[in-house]
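Descriptive structure summary
If you want the building blocks of each chain, they are given just below.
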Amino acid sequence: MRITSIDIYKMNMKLSSVFATSIGSIPSAENVLIKINTDENLIGWGEASPFSFITAETQNTCIEAAKFLGKLLIGKDPTAIEENLSLLKRSLPSHTSIHSAFDMAMWDLLGKESNQPIYKLLGGKNHQLRTDQTMGHEKSVEDVQNKARKFIEQGFNEIKMKTGRPGLTDYKHVKGVREVIGDEIELKIDSNQGWDLAESLKNARLMENLNLLYIEQPLPIWNLEDMARLRSKINTPVCADESVFNEIDAFKICKLGAADYLNIKLGKSGGIHTGLKINAIAESYGAKCMIGCFSESRLGLTAAAHLAIARPNIFFLDLDSAFMIAEDPIIGGIEFGKENMSLINVNEKPGLGADVKEEYLDKWTKFSIS
Ligand SMILES: [Mg+2]
């Protein structure tokens, strides 16, 4: 099989509400859809969800990068994923969101060529998954409590709250949520690099009796030494997110003892290919992984779900971005439970088992390379 052409779409989707975190806010999902066409009439789909604050990419830089990288892949066998990904990473380092879109599309094609879902190619056994649900910064304790009540009604048993603000606001909001959800629901926080060591210690100690599952990325991306110090001084586990893009970051974090858990996001790792490596390193250090998302549609989330099914060490799931997108351009792929929205089912179709609705492809601006 050879790649004949690649279509790149400006995949614009409305959000149901603005999502605010300590690192930045996004008003809409401005993603990039990749369609790899081949000489065997098989197509591969991939999605990039650039989050400029973290991956230093925007929709427009992803599109330009995709045109450049796409040209390198014309004529290549898309199922030679290792070789192709190495070429893309060598030719344009960083740019992890757009790498992940190509990675996903190539796994989709490998699955379609071998008539197997991706999780099966990775040696996994299909099972139902369960995701948490995240709330961004809200104005008042009452607002976060109302959100938490809604999440529980929807079936979620794990809630993630965005923190990382100065002062006592985070503590008051997290305490307020714990009060309304009781002890049975898991609660965790994500500060998105918003605190320094002193603020992290203060908040972690204040929240000690709130039984948090973990504190995600309390400190700036580069400050692994203080993350290790923090971890040695508190009882709540620490999870690295923005600090871990690839297997080299994972190795450094584990060696320094800077985190209990590592958050894999395909948009940071550049796809499933490197996500597997991060998980393998974490597992060898006895560290569980989480799999998270940016603002992917159900297409990008489907790729993440296949990886999660295939590797039980990827234990915590934060695959909730589809809930904040007001439209659903995807056919097939993962399905969320109707009664219990936290449940995720992956279908048995080849590759990602997902397609994109024609009406959206007609609507989005398209660039083609061949
Ligand atoms: Mg995070």
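Residues numbered from 1 in each chain as written. Predicted model: local features only at pLDDT ≥ 70, side-chain atom pairs only at ≥ 80, totals over all residues.

Structural notes on the sheet that holds strand 4 (residues 129-130)
- With antiparallel pairing, three strands are arranged side by side in an open sheet as 4-15-14. A single partner strand is all that each edge strand has here, and the edge strands are strand 4 and strand 14 (335-336).
- With two bridges joining them, strand 14 and strand 15 (residues 343-345) adopt antiparallel strand pairing. Across the sheet, residue glutamate 335 finds its bridge partner in strand 15, namely asparagine 345. (Pairing = 2+ DSSP bridges. Helix = DSSP H or I, 4+ residues; strand = E, 2+ residues; numbered from the N terminus.)

Topic: helix 6 (residues 141-153)
- End to end, helix 6 covers 19 Å across 13 residues, agreeing with the expected 18 Å (1.5 Å per residue, within 8%).
- Along helix 6, the residues that are buried comprise Val144, Ala148 and Phe151. In an axial view of helix 6, the angular spread of the buried residues amounts to 60°, which keeps them on one side of the axis. Within helix 6, the exposed residues directed more than 90 degrees away from the buried face are Glu142, Lys150 and Glu153.
- Lining the buried residues of helix 6 we find strand 5 (133-135), strand 6 (158-162) and helix 7 (169-181).
- At the exit of helix 6 stands glycine 155, carrying a positive phi of roughly 110°. (Expected span 1.5 Å × (residues − 1). Buried ≥ 20, exposed ≤ 12 C-beta atoms within 10 Å, placed from the backbone. Arc of directions from axis to C-beta. Contact = placed C-beta atoms within 7 Å.)

A few points about the packing of helix 6 against helix 7
- Helix 7 packs onto helix 6 with a crossing angle of 40° between their chain directions and a minimal axis gap of 9 Å. Considering the angle they form, helix 6 stands oblique to helix 7. For the pair helix 6 and helix 7, the crossing hand works out as right-handed. Where helix 6 approaches helix 7, its residues Val141, Val144, Gln145, Ala148, Arg149 and Ile152 are matched on the opposing element by Lys172, His173, Gly176, Val177, Val180 and Ile181.
- Considering only residue class, the contact of helix 6 with helix 7 consists of seven nonpolar, three polar and two charged. (Axes fitted to C-alpha atoms, helices over the stretch in contact; angles between N-to-C directions. Parallel < 35°, antiparallel > 145°, perpendicular 65-115°, else oblique. Left-handed = near helix turned anticlockwise from the far one by under 90°. Nonpolar A, V, L, I, M, F, W, Y, C, P; charged D, E, K, R; others polar.)

A word on the sheet that holds strand 3 (residues 43-48)
- One open sheet holds the four strands; their spatial order is 3-2-1-17, and the pairing between them is antiparallel. Both outer strands of the open sheet, strand 3 and strand 17 (366-369), are each paired with one neighbouring strand and no more. Averaged over all neighbouring strand pairs, the angle between strand axes comes to 20°, with direction disregarded.
- Note: strand 2 (residues 25-38) against strand 3, six bridges, orientation antiparallel. The residue of strand 3 that forms the bridge with asparagine 37 is isoleucine 43.
- Helix 2 (residues 59-73) contacts strand 1 (3-20), strand 2, strand 3 and strand 17 of the sheet and is inclined by roughly 160° relative to strand 1.

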